Amino acid sequence: MQKIVFVGAGAMAEAIIQGWIEQEVIEANNIYVTNRSNFERLDYLSTKYNVEVLQNKDQLIDADLIVLVVKPKDGKSAMKAIKPYIAENTPILTVMAGIAMDTVSDILGKRSIARVMPNTSATIGMSASGIAFNEYVTEKQKKQFMKMLDAIGIVIEVEEDKLHAVTALSGSGPAYLYYMMEAFEKAGTEFGLPKETVRKLMVQTIAGSAAMLDRVKEEPNELRRKVTSPGGTTEAGIRALEDHQFSEAIFECIKSAEARSRELAKSE
Ligand SMILES: NC(=O)C1=CN([C@@H]2O[C@H](COP(=O)(O)OP(=O)(O)OC[C@H]3O[C@@H](n4cnc5c(N)ncnc54)[C@H](O)[C@@H]3O)[C@@H](O)[C@H]2O)C=CC1
Ligand SMILES: O=C(O)[C@@H]1CCC=N1
């Protein structure tokens, strides 16, 4: 692709841009960025990544792909603002949480639309993304979209309605794990370890456990059983988690995030 225009230049746009450039999927000079008014931010991106800044909306006409990556509440106004300038067939990749592809095509017209829910680990090529396509996306385009998202991590196709669940799990997921990390660091330091030691131990523990789950093909409860000696430390720890309704808390976490995603979709 010769020209990809990012409409919206915030945290998620940067994560994807950095991922694409570092993984050598798209060349920096084929990426154009624009936002509503924050020119300093555009300067920062063009200096840091060598991407182009869209000088005026007339430059949208020959875009090969437009990536919509503004906050959901700004989605409609951002789409209305570009509508008069974009070609009839330019495909759209929307990264906006909770805005349906039908809403995008109501404003921008019937065309190929892919809707993706990545996460911020795209920055280091480790996003877990869910993607859905509308009926105008050809097989060739689908392959191209999958390849682009695959380059910043893994990508799994789902029905559009299931993107609410994907958002709740892997879209927001990094925040839950960072929150858990904060709790480990608080607990570990209470018990006398330096924060950096706790960080190193737990980062490796989390990475190792995730890699085991991925590679050894055993169920989580089986892997858990292998750690848990009868009458030992793990059993005591797990019992405390059960006493504090850990599973229920996780269930409520995903339920609340999924419901919020649906709510946002209705209000947009
Ligand atoms: N941060 C995350 O972990 C994830 C975010 N998302 C989605 O990505 C989207 C962007 O999120 P962030 O990058 O975190 O937000 P952000 O607030 O960091 O960036 C939003 C950008 O949109 C620009 N903008 C606002 N109105 C505009 C308009 N009318 N025209 C052009 N540009 C406009 C702003 O200037 C800013 O550059 C959201 O819809 C969010 O739901 C999706 C997955 C994960
Ligand atoms: O919190 C949010 O609404 C967005 C969607 C997934 C991650 N951040």
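Source: prediction; values computed, not measured.

## Points about helix 2 (residues 39-49)
- Among the residues of helix 2, those classed as buried are L42, L45, S46 and Y49. All buried residues of helix 2 project into a common sector of 95° when viewed along the axis, lining one side. Residues of helix 2 that are exposed and point over 90 degrees away from its buried face: E40 and T47.
- Buried positions along helix 2 lie against helix 1 (11-22), strand 2 (31-34) and strand 3 (52-53).
- Backbone geometry just after helix 2 places N50 at a positive phi near 65°.

## Re the packing of helix 6 (residues 163-171) against helix 7 (residues 173-190)
- With their axes 5 Å apart at the nearest point, helix 6 and helix 7 run at an angle of 30° to one another. It follows from the interaxial angle that helix 6 and helix 7 lie roughly parallel. Here helix 6 contributes A168, L169, S170 and G171 to the contact with helix 7, which in turn contributes G173, P174 and Y176.
- Taken together, the residues that form the contact of helix 6 with helix 7 break down as 4 nonpolar, 3 polar and no charged.

## Quick word on the pairing of strand 7 (residues 127-133)
- Most of strand 7 sits inside the fold, with 6 of its 7 residues counted as buried.
- With 4 bridges joining them, strand 6 (residues 113-117) and strand 7 adopt antiparallel strand pairing. Bridge pairing links M117 to G130 in strand 7.
- Judged from the 5 bridges that link them, strand 7 and strand 8 (residues 153-157) form a sheet pairing that is parallel. Of the residues in strand 8, the one forming a bridge with S127 is G153.

## Re the domain arrangement of the protein
- Per the domain assignment, the segments of the protein are domain 1 (4-157) and domain 2 (173-267).
- Computed from C-alpha atoms alone, the centre-to-centre distance between domain 1 and domain 2 is 32 Å.
- Each partner contributes to the interface: domain 1 provides 4 residues, whereas domain 2 provides 4 residues.
- Contact with domain 2 buries area across many residues of domain 1, yet G98, N119 and T120 alone supply 70% of it, more than any other trio.
- Counting the contacts that link domain 1 with domain 2 gives 0 salt bridges.
- Taken together, the links from domain 1 to domain 2 amount to 0 residue pairs in polar contact (both at pLDDT 80 or more).
- Here the residues of the side of domain 1 that touches domain 2 are counted per class, giving no nonpolar, 4 polar and no charged.

## A short note on the site of ligand 2
- Around ligand 2, a shell composed of T167, G171 and S172 is seen.
- Taken atom by atom, the bulk of ligand 2 overlaps the second largest pocket.

## Topic: the UniProt feature "binding site: NADPH" (unreviewed entry) in the protein
- Using the residue numbers shown here, the UniProt feature "binding site: NADPH" (unreviewed entry) corresponds to N56.
- N56 gets classed as partly exposed once you look at its relative accessible area, which sits at 40%.
- A distance of 3.0 Å separates a polar side-chain atom of N56 from the backbone nitrogen of D58.

## A closer look at the site of ligand 1
- Near ligand 1, the surroundings consist of 21 residues, among which A9, A11, M12, V70 and A97 are the closest.
- Taking A9, its main chain carries an N or O atom lying 3.0 Å from an oxygen atom of ligand 1.
- Here an oxygen atom of ligand 1 sits 3.4 Å away from a polar atom, N or O, in the main chain of V95.
- Alone, ligand 1 offers 840 Å² of accessible surface; in the complex the protein occludes 80% of this.
- A majority-of-atoms criterion places ligand 1 in the second largest pocket.

Procedures and definitions
- The residue numbers shown here count from 1 along each chain, following its written sequence.
- As a convention, the first chain written is A and the first ligand written is 1, with the rest following in written order.
- Residues qualify for local features only when their pLDDT is at least 70, as the model is predicted, and side-chain atom pairs are given and counted only at 80 or more; totals for whole chains, interfaces and linings, by contrast, use all residues.
- Computation of side-chain values: all heavy atoms of the structure, hydrogens and water removed.
- Using a 1.4 Å probe on the protein chains alone, a residue whose accessible area is under 20% of its type maximum counts as buried, one over 50% counts as exposed, and one in between counts as partly exposed.
- A helix here means a DSSP run of H or I that spans at least four residues, while a strand means a run of E at least two residues long, and both kinds are numbered starting from the N terminus.
- Taking the helix axis as origin, the arc is that swept by the directions to the C-beta atoms.
- By definition in these notes, contact holds between two residues if any of their heavy atoms fall within 4.5 Å.
- Whenever a helix is involved, its axis is fitted only over the stretch in contact; in every case the axis is a line through C-alpha atoms, and angles between N-to-C directions fall within 0 to 180 degrees.
- Any angle from 65 to 115 degrees is called roughly perpendicular, while one under 35 is roughly parallel, one over 145 is roughly antiparallel, and all others are oblique.
- Side-chain classes are defined by residue name, with Ala, Val, Leu, Ile, Met, Phe, Trp, Tyr, Cys and Pro counting as nonpolar, Asp, Glu, Lys and Arg as charged, and the others, Gly among them, as polar.
- Strands qualify as paired when DSSP identifies two bridges or more between them.
- Where each domain begins and ends follows an automated or database-derived domain assignment.
- When two components associate, each loses some accessible surface as probed by a 1.4 Å sphere; the sum of these losses over both components is called the buried area.
- What counts as a salt bridge is simple: a side-chain nitrogen of Lys or Arg found within 4 Å of a carboxyl oxygen of Asp or Glu.
- Contacts described as polar in this section are N or O atom pairs within 3.5 Å, which, within protein, must combine one atom able to donate a hydrogen with one able to accept it, while residues neighboring in sequence count only if both atoms come from side chains.
- In this text, near means that some heavy atom of the residue lies within 4 Å of the molecule or strand in question.
- Cavities and pockets are defined on a 1 Å grid built over the protein atoms alone: a cavity is a set of grid points where a 1.4 Å probe fits but cannot escape, while a pocket is an open set with protein on both sides within 12 Å along at least five of seven lines, and lining residues are those with an atom within 4 Å of any such point.
- Each molecule is checked against the cavity or pocket grid, and it sits inside if more than half of its atoms lie within 2 Å of the grid points.
- UniProt positions are given in the numbering used here, feature names are shortened, and annotations may be inferred rather than shown by experiment.
- Surface accessibility follows the Shrake-Rupley procedure with a 1.4 Å probe radius. Residue values consider only the protein chains on display as shielding.

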